[in-house]
Amino acid sequence: MVGLSLSPFLLQFLGLGLSETLGQGLCGSALGVSEAEAVRYGLVSEYYFYGQAFFVLLALKVTYALGLWVLRLMYPGEDPPFAPLVWRVGVGLSLALLFLFLLTRTLPLPFPTPLGLAFLSPAPLDPLSLLMVLPEPFLLWLFWRHRP
C-alpha cells in the first residue's frame, strides 16, 4: 500500500522532464492548457488552482503512505487501536484522487472571470496522468481486502 500510494507523486516528476512525450501529468496540465497559454490568456490563477489541488492531494497521499510505514514500525505485530480511522483516511484520499481525475478529464472546468463564471474544456488525457491514476483502483481493492 505504501508503494502504490507513493507512486503517483513520484511519477509526477516524469512530467517535468518528459512532458513532450508523456504529458505533464496531473499537476502540470489540469486545465488542458500549457503554461505559456495560461500566461498568454491570463489563466494563470485558474491553471495553478487545479494543478495545486492535485499537488496538495498527492502530498497528502505521500504523508499518508509514510505514516502507514511508521505505524507498521510502531505496531509490528498488530493493528493500532485507531486502525479504522487510518483505513478511512486512505480510502478517502484514493477516492478523492479518482474523483478529481474523472472530474477534470470529463467535465468542463469552471473558473471565475471579471465577466462572470466561464468554463474551459476538460483537460486532455495524457499517458502520464493515466499512469498516475492507474494504481488507485488496485489500491482501493487492497484497502477493501484488508479493512479493519
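Note that this is a predicted model, so its numbers are computed, not measured.

Caption draft 1: Molecular detail of helix α9 (residues 135-145). Residues of α9 that are buried include every one of Pro 135, Glu 136, Leu 139, Leu 140, Leu 142 and Phe 143, and no others. Projection of α9 onto a plane perpendicular to its axis shows the buried side chains occupying an angular sector of 160°, all on one side. Exposed and facing more than 90 degrees away from the buried side of α9 are Trp 144 and Arg 145.

Caption draft 2: Representation of the pattern of salt bridges within the structure. Following the criterion strictly, the structure yields two salt bridges and no others. Glu 136 is the partner of Lys 61 in a salt bridge, and the nearest nitrogen-oxygen pair spans 3.2 Å. Taken as a pair, Lys 61 in helix α6 (residues 44-74) and Glu 136 in helix α9 lie far apart in primary sequence, 75 residues in all. Overall, Lys 61 belongs to the buried group, its relative accessible area being 2%. A salt bridge links Asp 79 to Arg 72, with the shortest nitrogen-to-oxygen separation between them at 3.5 Å. Relative accessible area serves as the criterion here: at 43%, Arg 72 is assigned to the partly exposed category.

Caption draft 3: Spotlight on the layout of surface pockets. In this model, the largest pocket occupies a volume close to 380 Å³. Taken together, 18 residues make up the lining of the largest pocket; nearest its centre are Met 1, Leu 68, Arg 72, Asp 79 and Val 86. Mapped by element, the contributors of at least two residues to the lining of the largest pocket are α6 and α7 (83-106). No other element matches the five residues that α6 contributes to the lining of the largest pocket.

Caption draft 4: Looking closely at the pairing of strand β1 (residues 109-113). Across five bridges, the pairing between β1 and strand β2 (residues 116-120) is antiparallel. For Thr 113, the partnering residue across the bridge sits in β2 and is Gly 116. In this antiparallel pair of consecutive strands, β1 and β2, the connection spans two residues.

Caption draft 5: Representation of the packing of aromatic side chains in the model. Applying the stated criterion across every chain yields a total of three aromatic pairs. Between the aromatic rings of Tyr 64 and Phe 143, the centroid separation amounts to 6.2 Å while the plane-to-plane angle is 55°, which identifies the pairing as tilted. Within this pair, whereas Tyr 64 is found in helix α6, its partner Phe 143 is found in helix α9, the two being separated by 79 residues in sequence. Assessed through its relative accessible area of 11%, Tyr 64 is described here as buried. Phe 143 gets classed as buried once you look at its relative accessible area, which sits at 1%.

Caption draft 6: Expanded view of the environment of Tyr 50. Mapped onto the fold, Tyr 50 is located in helix α6. Put simply, Tyr 50 and Leu 109 are 59 residues apart on the chain and 9.1 Å apart in space, counted from C-alpha to C-alpha.

Each value, and the rule that gives it
- Each residue is numbered by its place in its chain's sequence as written, counting from 1.
- Whole-chain, interface and lining totals are the exception, using all residues; otherwise, since this is a predicted model, local features are given only for residues with pLDDT of at least 70 and side-chain atom pairs are given and counted only at 80 or more.
- Neither water nor hydrogens contribute to the side-chain values; these are computed over all heavy atoms in the structure.
- Burial classes: relative accessible area under 20% of the type maximum marks a residue as buried, over 50% as exposed, and values in between as partly exposed (1.4 Å probe, protein chains only).
- The way it works is that DSSP assigns letters per residue, a run of H or I at least four long becomes a helix, a run of E at least two long becomes a strand, and they are numbered from the N terminus.
- The directions from the helix axis to the C-beta atoms form the arc being described.
- By definition here, a salt bridge exists when the distance from a side-chain nitrogen of Lys or Arg to a carboxyl oxygen of Asp or Glu is within 4 Å.
- Method remark: on a 1 Å grid restricted to protein atoms, a set of points is classed as a cavity if a 1.4 Å probe fits but cannot get out and as a pocket if it is open with protein on both sides within 12 Å along at least five of seven lines; lining residues have an atom within 4 Å of a point.
- Grid points are joined across faces, edges and corners, and a volume is the space filled by probe spheres set on the points.
- At least two DSSP bridges between two strands are required for those strands to pair.
- Ring geometry is summarised as follows: Phe, Tyr and Trp rings, the Trp one being its six-membered ring, pair when their centres sit within 6.5 Å, and such pairs are stacked at plane angles under 30 degrees, edge-to-face over 60 and tilted between the two.

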